[in-house]
Amino acid sequence: MPYNKDLYTTGYYKEPGPKLDQESPFESMLERFRMAADILNLDEGMFQYLASPVKQVIVSIPVIMDSGNIEVFEGYRVIHDNVLGPSKGGIRYSPDVTLEEVKALAAWMTWKCAVVNVPFGGAKGAVRCDPKSLSHSELERVTRRYTANMLGVFGPDRDIPAPDMNTNEQVMAWIMDTYSMNSQRTETAVVTGKPIILGGSKGRKEATGRGVVTTILAALSKLGKMPNKVTVAVQGFGNVGSISAQLMYEQGARVVAISDVSGGYFNKKGIDIPAALEYTDNGKKSLEGFSGAESISNEELLKLECDVLIPAAREDQINRHNAEQIKAKIIAEGANGPVTFNADKILENKGIMIIPDILANAGGVTVSYFEWVQDRQGYFWTEERVNRRLNRMMRNAFDNIYQVSDEYKITLRQAAYVYAINRVATTLKMRGIYA
Ligand code: NAD
(Lines give C-alpha, C1' and ligand atoms only; values in the text may rest on other atoms or scores of the structure.)
Protein backbone atom coordinates (compact mmCIF):
# COMPACT_ATOMS: atom_id res chain seq x y z
CA MET A 1 0.00 0.00 0.00
CA PRO A 2 1.50 3.42 -0.89
CA TYR A 3 2.06 5.61 2.12
CA ASN A 4 -0.59 8.10 3.06
CA LYS A 5 0.97 11.43 3.99
CA ASP A 6 -2.14 12.50 5.87
CA LEU A 7 -1.94 9.54 8.25
CA TYR A 8 1.67 10.11 9.02
CA THR A 9 2.19 11.53 12.49
CA THR A 10 5.62 10.48 13.76
CA GLY A 11 9.28 11.11 12.92
CA TYR A 12 10.04 14.10 10.71
CA TYR A 13 6.63 14.64 9.20
CA LYS A 14 4.19 15.83 11.79
CA GLU A 15 1.04 16.35 9.79
CA PRO A 16 -1.26 18.14 9.87
CA GLY A 17 1.02 21.01 10.73
CA PRO A 18 2.22 24.36 9.50
CA LYS A 19 3.07 24.55 5.82
CA LEU A 20 6.71 23.77 5.28
CA ASP A 21 8.94 26.68 4.36
CA GLN A 22 10.39 25.24 1.21
CA GLU A 23 13.20 27.77 1.20
CA SER A 24 14.80 26.21 4.30
CA PRO A 25 17.58 23.72 3.51
CA PHE A 26 16.33 21.07 5.92
CA GLU A 27 12.74 21.28 4.81
CA SER A 28 13.92 21.32 1.19
CA MET A 29 15.71 18.04 1.93
CA LEU A 30 12.56 16.57 3.51
CA GLU A 31 10.47 17.61 0.49
CA ARG A 32 12.97 15.96 -1.82
CA PHE A 33 12.83 12.78 0.26
CA ARG A 34 9.05 12.82 0.03
CA MET A 35 9.15 13.33 -3.74
CA ALA A 36 11.58 10.42 -4.20
CA ALA A 37 9.36 8.21 -2.02
CA ASP A 38 6.50 9.07 -4.40
CA ILE A 39 8.58 8.18 -7.46
CA LEU A 40 9.57 4.87 -5.86
CA ASN A 41 5.99 4.26 -4.76
CA LEU A 42 7.38 3.38 -1.35
CA ASP A 43 4.88 1.59 0.86
CA GLU A 44 3.70 3.32 3.99
CA GLY A 45 5.58 1.14 6.48
CA MET A 46 8.87 1.69 4.67
CA PHE A 47 8.20 5.43 4.42
CA GLN A 48 7.56 5.59 8.15
CA TYR A 49 10.68 3.57 8.85
CA LEU A 50 12.92 5.82 6.73
CA ALA A 51 11.34 8.99 8.07
CA SER A 52 12.02 8.12 11.72
CA PRO A 53 15.47 8.27 13.29
CA VAL A 54 16.44 5.01 15.01
CA LYS A 55 17.87 6.77 18.05
CA GLN A 56 17.86 10.29 19.53
CA VAL A 57 20.05 10.92 22.56
CA ILE A 58 20.01 14.14 24.61
CA VAL A 59 22.60 14.60 27.34
CA SER A 60 23.40 17.26 29.91
CA ILE A 61 27.03 18.30 29.94
CA PRO A 62 28.08 19.84 33.26
CA VAL A 63 31.40 21.63 33.01
CA ILE A 64 33.52 23.47 35.55
CA MET A 65 34.34 26.74 33.81
CA ASP A 66 37.63 28.63 34.23
CA SER A 67 35.82 30.88 36.74
CA GLY A 68 35.15 27.87 39.00
CA ASN A 69 31.39 28.00 38.32
CA ILE A 70 29.48 25.04 36.92
CA GLU A 71 27.72 25.50 33.58
CA VAL A 72 25.46 22.89 32.03
CA PHE A 73 25.29 22.51 28.23
CA GLU A 74 22.95 20.32 26.22
CA GLY A 75 24.32 17.75 23.75
CA TYR A 76 22.62 15.68 21.07
CA ARG A 77 23.36 12.69 18.93
CA VAL A 78 20.80 11.47 16.44
CA ILE A 79 21.27 8.21 14.57
CA HIS A 80 18.94 8.40 11.61
CA ASP A 81 19.74 5.00 10.20
CA ASN A 82 22.25 2.16 10.59
CA VAL A 83 20.95 -0.38 8.11
CA LEU A 84 23.95 -0.08 5.76
CA GLY A 85 26.54 -0.12 8.56
CA PRO A 86 27.71 1.97 11.53
CA SER A 87 26.30 5.47 11.46
CA LYS A 88 28.47 8.39 10.35
CA GLY A 89 28.13 12.13 10.73
CA GLY A 90 29.69 15.27 12.09
CA ILE A 91 29.38 17.06 15.40
CA ARG A 92 28.65 20.81 15.41
CA TYR A 93 29.03 23.30 18.22
CA SER A 94 26.55 26.14 17.92
CA PRO A 95 24.58 28.33 20.34
CA ASP A 96 21.26 27.94 18.52
CA VAL A 97 21.38 24.35 17.30
CA THR A 98 18.17 22.36 17.86
CA LEU A 99 17.27 18.68 17.99
CA GLU A 100 15.06 19.16 14.87
CA GLU A 101 18.04 20.50 12.92
CA VAL A 102 20.24 17.61 14.07
CA LYS A 103 17.54 15.12 13.04
CA ALA A 104 17.35 16.57 9.52
CA LEU A 105 21.13 16.65 9.17
CA ALA A 106 21.36 13.01 10.31
CA ALA A 107 18.92 11.95 7.57
CA TRP A 108 20.95 13.94 5.07
CA MET A 109 24.01 11.83 6.00
CA THR A 110 22.08 8.59 5.41
CA TRP A 111 21.30 9.61 1.83
CA LYS A 112 24.81 10.95 1.20
CA CYS A 113 26.52 7.71 2.33
CA ALA A 114 24.06 5.62 0.30
CA VAL A 115 24.65 7.70 -2.86
CA VAL A 116 28.40 6.97 -2.89
CA ASN A 117 28.00 3.34 -1.75
CA VAL A 118 29.87 3.85 1.49
CA PRO A 119 28.81 1.16 4.02
CA PHE A 120 27.64 3.65 6.64
CA GLY A 121 24.33 4.86 7.98
CA GLY A 122 23.65 8.49 8.84
CA ALA A 123 24.01 10.41 12.11
CA LYS A 124 24.66 13.91 13.39
CA GLY A 125 25.61 15.35 16.76
CA ALA A 126 25.71 18.76 18.37
CA VAL A 127 26.47 20.63 21.56
CA ARG A 128 24.49 23.78 22.20
CA CYS A 129 27.31 26.19 23.12
CA ASP A 130 29.07 29.23 21.74
CA PRO A 131 32.62 28.00 21.08
CA LYS A 132 33.86 31.60 20.58
CA SER A 133 33.10 32.37 24.21
CA LEU A 134 34.87 29.25 25.54
CA SER A 135 38.56 29.05 26.40
CA HIS A 136 40.65 26.24 24.92
CA SER A 137 40.49 24.22 28.14
CA GLU A 138 36.74 24.82 28.56
CA LEU A 139 36.24 23.56 25.02
CA GLU A 140 38.28 20.48 25.88
CA ARG A 141 36.20 19.79 29.02
CA VAL A 142 32.93 20.24 27.10
CA THR A 143 34.16 17.83 24.42
CA ARG A 144 35.43 15.20 26.85
CA ARG A 145 32.26 15.23 28.97
CA TYR A 146 30.04 15.10 25.85
CA THR A 147 32.08 12.09 24.67
CA ALA A 148 31.92 10.41 28.09
CA ASN A 149 28.13 10.79 28.06
CA MET A 150 28.03 9.26 24.56
CA LEU A 151 30.27 6.24 25.29
CA GLY A 152 27.32 3.91 24.78
CA VAL A 153 26.52 5.51 21.43
CA PHE A 154 29.91 6.11 19.75
CA GLY A 155 32.15 3.25 18.64
CA PRO A 156 34.11 2.17 15.54
CA ASP A 157 31.45 -0.47 14.80
CA ARG A 158 28.51 1.59 16.01
CA ASP A 159 28.64 5.31 15.37
CA ILE A 160 31.57 7.35 14.08
CA PRO A 161 31.62 11.16 14.51
CA ALA A 162 33.55 13.67 12.38
CA PRO A 163 34.10 17.45 12.38
CA ASP A 164 31.31 19.84 11.38
CA MET A 165 30.55 23.49 12.02
CA ASN A 166 32.91 24.90 14.73
CA THR A 167 34.63 21.58 15.43
CA ASN A 168 38.00 20.55 14.04
CA GLU A 169 40.91 18.09 14.16
CA GLN A 170 41.68 19.01 17.77
CA VAL A 171 38.13 18.28 18.90
CA MET A 172 38.31 14.91 17.11
CA ALA A 173 41.61 14.16 18.86
CA TRP A 174 39.96 14.81 22.28
CA ILE A 175 37.01 12.57 21.39
CA MET A 176 39.36 9.81 20.27
CA ASP A 177 41.44 10.13 23.43
CA THR A 178 38.44 10.16 25.78
CA TYR A 179 36.91 7.13 24.09
CA SER A 180 40.29 5.34 24.12
CA MET A 181 40.90 6.07 27.83
CA ASN A 182 37.54 4.54 28.67
CA SER A 183 38.05 1.44 26.54
CA GLN A 184 41.64 1.08 27.77
CA ARG A 185 43.10 0.82 24.28
CA THR A 186 43.77 3.25 21.47
CA GLU A 187 40.70 3.34 19.22
CA THR A 188 41.62 5.59 16.30
CA ALA A 189 38.65 4.40 14.18
CA VAL A 190 36.07 5.92 16.55
CA VAL A 191 36.24 9.31 14.78
CA THR A 192 37.39 10.59 11.40
CA GLY A 193 38.82 13.96 10.43
CA LYS A 194 41.69 13.40 12.89
CA PRO A 195 45.16 14.92 12.51
CA ILE A 196 47.27 12.67 10.23
CA ILE A 197 49.65 11.95 13.11
CA LEU A 198 46.74 10.40 15.09
CA GLY A 199 45.50 8.19 12.26
CA GLY A 200 43.96 10.74 9.92
CA SER A 201 44.02 10.13 6.17
CA LYS A 202 46.14 11.82 3.59
CA GLY A 203 43.96 13.68 1.09
CA ARG A 204 41.06 14.20 3.54
CA LYS A 205 41.36 18.00 3.54
CA GLU A 206 41.14 18.22 -0.25
CA ALA A 207 38.64 15.35 -0.63
CA THR A 208 35.41 17.33 -0.87
CA GLY A 209 36.68 19.76 -3.52
CA ARG A 210 38.31 16.89 -5.40
CA GLY A 211 35.02 14.99 -5.40
CA VAL A 212 33.14 18.09 -6.62
CA VAL A 213 35.52 18.35 -9.57
CA THR A 214 35.28 14.61 -10.39
CA THR A 215 31.51 14.95 -10.71
CA ILE A 216 31.84 18.13 -12.82
CA LEU A 217 34.23 16.38 -15.21
CA ALA A 218 31.80 13.45 -15.47
CA ALA A 219 28.92 15.85 -16.19
CA LEU A 220 30.95 17.75 -18.81
CA SER A 221 31.77 14.53 -20.60
CA LYS A 222 28.03 13.65 -20.72
CA LEU A 223 27.40 17.06 -22.30
CA GLY A 224 30.26 16.58 -24.75
CA LYS A 225 32.27 19.53 -23.36
CA MET A 226 36.01 19.66 -22.78
CA PRO A 227 37.09 20.99 -19.36
CA ASN A 228 39.65 23.30 -20.96
CA LYS A 229 36.91 24.99 -22.96
CA VAL A 230 34.60 25.93 -20.07
CA THR A 231 34.20 28.91 -17.76
CA VAL A 232 33.67 28.51 -14.03
CA ALA A 233 32.39 30.72 -11.17
CA VAL A 234 32.96 29.66 -7.56
CA GLN A 235 31.09 31.11 -4.58
CA GLY A 236 33.07 30.63 -1.35
CA PHE A 237 36.87 30.33 -1.23
CA GLY A 238 37.25 28.16 1.87
CA ASN A 239 38.12 24.48 1.97
CA VAL A 240 35.66 23.26 -0.66
CA GLY A 241 35.57 26.31 -2.96
CA SER A 242 39.31 26.96 -3.17
CA ILE A 243 40.21 23.31 -3.87
CA SER A 244 37.44 23.06 -6.49
CA ALA A 245 38.69 26.27 -8.14
CA GLN A 246 42.30 25.07 -8.12
CA LEU A 247 41.48 21.66 -9.60
CA MET A 248 39.27 23.17 -12.34
CA TYR A 249 42.10 25.62 -13.09
CA GLU A 250 44.50 22.66 -13.37
CA GLN A 251 42.09 21.09 -15.86
CA GLY A 252 42.53 24.18 -18.04
CA ALA A 253 39.14 25.70 -17.25
CA ARG A 254 38.83 29.50 -17.13
CA VAL A 255 37.79 30.40 -13.58
CA VAL A 256 36.20 33.80 -14.21
CA ALA A 257 34.97 34.53 -10.68
CA ILE A 258 35.62 33.59 -7.06
CA SER A 259 34.25 35.03 -3.82
CA ASP A 260 34.15 34.89 -0.05
CA VAL A 261 32.46 36.92 2.70
CA SER A 262 34.48 39.97 1.60
CA GLY A 263 32.75 39.95 -1.83
CA GLY A 264 33.23 38.67 -5.38
CA TYR A 265 36.21 38.95 -7.77
CA PHE A 266 35.67 38.78 -11.53
CA ASN A 267 38.06 38.61 -14.47
CA LYS A 268 36.67 37.53 -17.79
CA LYS A 269 40.12 36.44 -18.98
CA GLY A 270 40.37 34.07 -16.02
CA ILE A 271 41.65 34.47 -12.46
CA ASP A 272 45.11 33.23 -11.53
CA ILE A 273 43.90 30.71 -8.90
CA PRO A 274 47.35 29.75 -7.54
CA ALA A 275 47.92 33.49 -6.94
CA ALA A 276 44.55 33.78 -5.15
CA LEU A 277 45.43 30.76 -2.98
CA GLU A 278 48.76 32.29 -2.11
CA TYR A 279 46.99 35.57 -1.32
CA THR A 280 44.54 33.92 1.10
CA ASP A 281 47.36 32.03 2.77
CA ASN A 282 47.95 35.30 4.62
CA GLY A 283 46.74 34.43 8.09
CA LYS A 284 43.36 36.15 7.76
CA LYS A 285 42.37 33.73 4.99
CA SER A 286 40.43 36.43 3.16
CA LEU A 287 40.34 37.53 -0.48
CA GLU A 288 39.80 41.13 0.61
CA GLY A 289 42.02 43.44 -1.46
CA PHE A 290 42.85 40.74 -4.05
CA SER A 291 43.98 42.41 -7.29
CA GLY A 292 43.90 40.98 -10.80
CA ALA A 293 40.12 40.99 -10.81
CA GLU A 294 37.32 43.53 -10.57
CA SER A 295 34.95 43.66 -7.64
CA ILE A 296 31.46 42.22 -7.94
CA SER A 297 28.90 41.21 -5.33
CA ASN A 298 28.23 37.63 -4.32
CA GLU A 299 24.76 37.96 -5.83
CA GLU A 300 26.23 39.11 -9.18
CA LEU A 301 28.61 36.16 -9.16
CA LEU A 302 25.69 33.74 -9.01
CA LYS A 303 24.09 35.36 -12.07
CA LEU A 304 27.20 35.38 -14.28
CA GLU A 305 27.25 33.90 -17.75
CA CYS A 306 29.36 30.74 -17.27
CA ASP A 307 29.33 27.01 -17.94
CA VAL A 308 29.82 25.80 -14.38
CA LEU A 309 28.70 27.47 -11.16
CA ILE A 310 30.03 26.01 -7.89
CA PRO A 311 28.19 27.36 -4.84
CA ALA A 312 30.59 26.32 -2.07
CA ALA A 313 29.82 28.78 0.72
CA ARG A 314 26.54 28.16 2.49
CA GLU A 315 22.93 27.08 2.18
CA ASP A 316 20.00 28.85 0.55
CA GLN A 317 22.01 30.95 -1.97
CA ILE A 318 19.94 30.14 -5.06
CA ASN A 319 16.29 30.50 -4.21
CA ARG A 320 12.97 31.54 -5.72
CA HIS A 321 14.12 35.18 -5.83
CA ASN A 322 17.19 34.73 -8.04
CA ALA A 323 16.81 31.30 -9.72
CA GLU A 324 15.28 32.80 -12.87
CA GLN A 325 18.46 34.88 -13.43
CA ILE A 326 20.97 32.04 -13.14
CA LYS A 327 22.76 31.56 -16.46
CA ALA A 328 25.17 28.69 -15.70
CA LYS A 329 24.66 25.43 -17.57
CA ILE A 330 25.79 23.21 -14.69
CA ILE A 331 25.49 23.89 -10.95
CA ALA A 332 27.70 21.67 -8.79
CA GLU A 333 26.62 21.94 -5.16
CA GLY A 334 29.85 22.07 -3.16
CA ALA A 335 27.94 23.44 -0.16
CA ASN A 336 25.09 21.61 1.56
CA GLY A 337 21.70 22.92 0.47
CA PRO A 338 22.78 25.96 -1.61
CA VAL A 339 19.72 25.58 -3.89
CA THR A 340 16.28 25.61 -2.29
CA PHE A 341 13.40 23.30 -3.14
CA ASN A 342 11.49 26.17 -4.76
CA ALA A 343 14.47 27.02 -6.99
CA ASP A 344 14.81 23.42 -8.23
CA LYS A 345 11.75 23.63 -10.48
CA ILE A 346 12.74 27.02 -11.94
CA LEU A 347 16.25 25.77 -12.75
CA GLU A 348 14.91 22.54 -14.20
CA ASN A 349 12.63 24.52 -16.54
CA LYS A 350 15.66 26.52 -17.66
CA GLY A 351 17.44 23.24 -18.53
CA ILE A 352 20.21 23.73 -15.96
CA MET A 353 21.86 20.55 -14.76
CA ILE A 354 22.29 20.43 -10.98
CA ILE A 355 24.80 18.00 -9.50
CA PRO A 356 23.14 17.68 -6.08
CA ASP A 357 24.98 18.14 -2.79
CA ILE A 358 24.46 14.55 -1.64
CA LEU A 359 26.47 13.50 -4.70
CA ALA A 360 28.75 16.46 -5.49
CA ASN A 361 30.18 17.01 -1.99
CA ALA A 362 30.22 13.35 -0.88
CA GLY A 363 34.00 13.15 -1.46
CA GLY A 364 34.49 14.22 2.17
CA VAL A 365 32.55 11.33 3.64
CA THR A 366 34.17 8.96 1.13
CA VAL A 367 37.66 9.78 2.37
CA SER A 368 36.35 9.65 5.95
CA TYR A 369 35.38 6.09 5.11
CA PHE A 370 38.93 5.51 3.79
CA GLU A 371 40.29 6.93 7.06
CA TRP A 372 38.17 4.46 9.06
CA VAL A 373 39.33 1.57 6.82
CA GLN A 374 43.00 2.57 7.23
CA ASP A 375 42.64 2.91 11.02
CA ARG A 376 41.10 -0.55 11.23
CA GLN A 377 43.82 -2.02 9.03
CA GLY A 378 46.55 -0.13 10.87
CA TYR A 379 48.02 0.47 7.42
CA PHE A 380 48.08 3.89 5.80
CA TRP A 381 47.76 4.65 2.12
CA THR A 382 49.68 7.09 -0.03
CA GLU A 383 47.87 10.24 -1.10
CA GLU A 384 47.98 8.99 -4.66
CA ARG A 385 46.06 5.82 -3.64
CA VAL A 386 43.49 7.84 -1.67
CA ASN A 387 42.87 10.15 -4.64
CA ARG A 388 42.67 7.33 -7.16
CA ARG A 389 40.09 5.44 -5.08
CA LEU A 390 38.16 8.63 -4.36
CA ASN A 391 37.97 9.48 -8.06
CA ARG A 392 36.79 5.96 -8.85
CA MET A 393 34.04 5.97 -6.21
CA MET A 394 32.82 9.45 -7.15
CA ARG A 395 32.82 8.62 -10.86
CA ASN A 396 30.88 5.37 -10.22
CA ALA A 397 28.40 7.26 -8.04
CA PHE A 398 27.86 9.88 -10.75
CA ASP A 399 27.33 7.19 -13.40
CA ASN A 400 24.84 5.31 -11.18
CA ILE A 401 22.82 8.46 -10.50
CA TYR A 402 22.96 9.53 -14.13
CA GLN A 403 21.60 6.13 -15.15
CA VAL A 404 18.69 6.39 -12.68
CA SER A 405 17.91 9.90 -13.93
CA ASP A 406 17.86 8.58 -17.50
CA GLU A 407 15.74 5.56 -16.61
CA TYR A 408 13.04 7.49 -14.70
CA LYS A 409 13.39 10.72 -16.73
CA ILE A 410 14.02 12.73 -13.56
CA THR A 411 16.63 15.28 -12.48
CA LEU A 412 19.98 14.21 -11.02
CA ARG A 413 18.75 15.46 -7.63
CA GLN A 414 15.63 13.31 -7.72
CA ALA A 415 17.70 10.41 -9.02
CA ALA A 416 20.19 10.71 -6.15
CA TYR A 417 17.36 10.51 -3.58
CA VAL A 418 15.68 7.67 -5.46
CA TYR A 419 18.97 5.76 -5.63
CA ALA A 420 19.79 6.32 -1.95
CA ILE A 421 16.32 5.54 -0.60
CA ASN A 422 16.05 2.47 -2.78
CA ARG A 423 19.41 1.20 -1.57
CA VAL A 424 18.52 1.58 2.11
CA ALA A 425 15.00 0.17 1.58
CA THR A 426 16.28 -2.85 -0.37
CA THR A 427 18.88 -3.61 2.31
CA LEU A 428 16.24 -3.27 5.01
CA LYS A 429 13.91 -5.67 3.20
CA MET A 430 16.71 -8.26 2.99
CA ARG A 431 17.61 -7.84 6.64
CA GLY A 432 13.97 -7.81 7.73
CA ILE A 433 12.50 -6.19 10.80
CA TYR A 434 13.79 -7.72 14.04
CA ALA A 435 10.91 -8.55 16.33
P1 NAD B 1 34.94 27.11 4.98
O2 NAD B 1 34.57 27.78 6.25
O3 NAD B 1 36.32 26.58 4.79
O4 NAD B 1 34.67 28.12 3.75
C5 NAD B 1 33.49 28.84 3.57
C6 NAD B 1 33.77 29.96 2.57
O7 NAD B 1 32.54 30.59 2.23
C8 NAD B 1 34.68 31.06 3.10
O9 NAD B 1 35.52 31.50 2.06
C10 NAD B 1 33.70 32.16 3.48
O11 NAD B 1 34.30 33.46 3.45
C12 NAD B 1 32.68 32.00 2.39
N13 NAD B 1 31.37 32.56 2.67
C14 NAD B 1 30.64 32.48 3.81
N15 NAD B 1 29.47 33.13 3.66
C16 NAD B 1 29.46 33.60 2.39
C17 NAD B 1 28.53 34.33 1.62
N18 NAD B 1 27.38 34.72 2.14
N19 NAD B 1 28.86 34.62 0.34
C20 NAD B 1 30.03 34.21 -0.19
N21 NAD B 1 30.95 33.53 0.48
C22 NAD B 1 30.66 33.23 1.76
O23 NAD B 1 33.83 25.97 4.77
P24 NAD B 1 33.92 24.67 3.85
O25 NAD B 1 34.43 23.53 4.66
O26 NAD B 1 34.57 25.01 2.55
O27 NAD B 1 32.35 24.39 3.64
C28 NAD B 1 31.59 25.13 2.68
C29 NAD B 1 30.28 24.39 2.45
O30 NAD B 1 30.53 23.06 2.03
C31 NAD B 1 29.37 24.25 3.69
O32 NAD B 1 28.03 24.26 3.23
C33 NAD B 1 29.71 22.86 4.20
O34 NAD B 1 28.64 22.31 4.93
C35 NAD B 1 29.87 22.14 2.88
N36 NAD B 1 30.65 20.89 2.98
C37 NAD B 1 31.94 20.90 3.43
C38 NAD B 1 32.64 19.71 3.48
C39 NAD B 1 34.08 19.67 3.91
O40 NAD B 1 34.67 18.58 3.85
N41 NAD B 1 34.68 20.78 4.30
C42 NAD B 1 32.01 18.50 3.13
C43 NAD B 1 30.70 18.53 2.68
C44 NAD B 1 30.03 19.74 2.59
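Residues numbered from 1 in each chain as written. Predicted model: local features only at pLDDT ≥ 70, side-chain atom pairs only at ≥ 80, totals over all residues. Heavy atoms only, no water.

1. Concerning the pairing of strand 8 (residues 263-266)
Note the following rule: Two strands pair if DSSP finds at least two bridges between them. Where helices and strands are cited, they refer to DSSP runs of H or I of at least four residues and of E of at least two residues respectively, numbered from the N terminus.
Here strand 7 (residues 254-260) runs beside strand 8; their pairing, made up of four bridges, is antiparallel. Bridging from a neighbouring strand, isoleucine 258 pairs with tyrosine 265 of strand 8. Between strand 7 and strand 8, which pair antiparallel one after the other, the connecting turn spans two residues. Direction of pairing for strand 8 relative to strand 9 (residues 294-296): antiparallel, over a ladder of three bridges. Residue pairing in the sheet places glycine 264 in a bridge with isoleucine 296 of strand 9.

2. With respect to a nonpolar patch on the surface
For the record, the criterion: Each patch is built from residues that are more than 30% exposed by relative accessible area and take part in no salt bridge. Like charges join if they lie within 9 Å; nonpolar side chains (Val, Leu, Ile, Met, Phe, Trp, Tyr) join within 5 Å. Only the protein chains shown count as cover for residues, and the accessible areas themselves come from Shrake-Rupley with a 1.4 Å probe. When a carboxyl oxygen of Asp or Glu lies within 4 Å of a side-chain nitrogen of Lys or Arg, that pair is called a salt bridge.
A cluster of nonpolar side chains, namely Ile64, Ile70 and Val72, defines an oily patch on the protein surface of about 320 Å² accessible area. You can see valine 72 is positioned in strand 2 (residues 70-81).

3. Points about the site of the ligand
Using the following cut-off: Working definition: residue near molecule or strand if any one of its non-hydrogen atoms lies within 4 Å of it. Within 3.5 Å is the distance limit for a polar contact, defined as a pair of N or O atoms, with the added protein rule that one can donate a hydrogen and the other accept it, and that residues adjacent in sequence qualify only through two side-chain atoms. Charged means Asp, Glu, Lys or Arg here, nonpolar means Ala, Val, Leu, Ile, Met, Phe, Trp, Tyr, Cys or Pro, and polar covers whatever is left, Gly included.
Among the 19 residues in the neighbourhood of the ligand, the closest are listed as Thr208, Asn239, Val240, Val261 and Asn298. Within the contact set of the ligand, an oxygen atom lies 2.9 Å away from a backbone nitrogen or oxygen of valine 240. Notes on the ligand: free accessible area 840 Å², of which the protein chains cover 69%. Put simply, the parts of the chain that give the shell around the ligand at least two residues each are helix 6 (204-222), helix 7 (239-250) and strand 7. Along the lines of polarity and charge, the residues of the shell around the ligand split into six nonpolar, ten polar and three charged.

4. Section: the domain arrangement of the chain
Test applied: The split into domains, and so the bounds of each, comes from an automatic or database assignment of domains. Once two parts are brought into contact, the accessible area they lose, counted with a 1.4 Å probe and summed over both, makes up the buried area.
Taken domain by domain, the chain holds domain 1 (53-197) and domain 2 (207-360). Put simply, the middle of domain 1 and the middle of domain 2, counted by C-alpha atoms, are 30 Å apart. Carbon and sulfur atoms make up 69% of the surface buried where domain 1 meets domain 2, a total of about 470 Å² over both sides. When the buried area of domain 1 at its contact with domain 2 is split by residue, Trp108, Lys112 and Val115 rank highest and sum to 85% of it. There are zero salt bridges connecting domain 1 and domain 2. On inspection of domain 1 and its partner domain 2, the count reaches one residue pair in polar contact (both at pLDDT 80 or more).

5. Concerning the packing of aromatic side chains
Note the cut-off: Note on aromatic pairs: the rings of Phe, Tyr and Trp (six-membered ring only in Trp) are paired at centre separations within 6.5 Å, and the planes decide the class, stacked below 30 degrees, edge-to-face beyond 60, tilted for the rest. Buried means the residue's accessible area, taken with a 1.4 Å probe over protein chains only, is under 20% of the maximum for its type, while exposed means over 50%, and partly exposed covers the values in between.
Summed over all chains, the structure comprises eleven aromatic pairs. Geometrically, the ring pair formed by phenylalanine 120 and tyrosine 369 is edge-to-face, given 5.6 Å between the ring centres and 90° between the ring planes. Remark: tyrosine 369 occurs in helix 12 (residues 363-377) and phenylalanine 120 occurs in the loop between helix 3 (99-115) and strand 4 (121-128); sequence separation between them is 249 residues. Here the two residues phenylalanine 120 and tyrosine 369 agree in accessibility, since each one is buried.

6. Structural notes on the environment of asparagine 149
What counts is decided by this rule: Between two residues, a contact is recorded if the distance between any of their heavy atoms is within 4.5 Å.
Within the secondary structure, asparagine 149 is located in helix 4 (residues 136-149). A residue is classified by how much of its surface remains accessible, and asparagine 149, at 27% relative accessible area, is partly exposed. Sequence separation between asparagine 149 and valine 59 is 90 residues, and the spatial gap between their C-alpha atoms is 6.8 Å. Ignoring any residue separated from it by four or fewer positions in sequence, one finds asparagine 149 in contact with Val59, Ser60 and Ile61.

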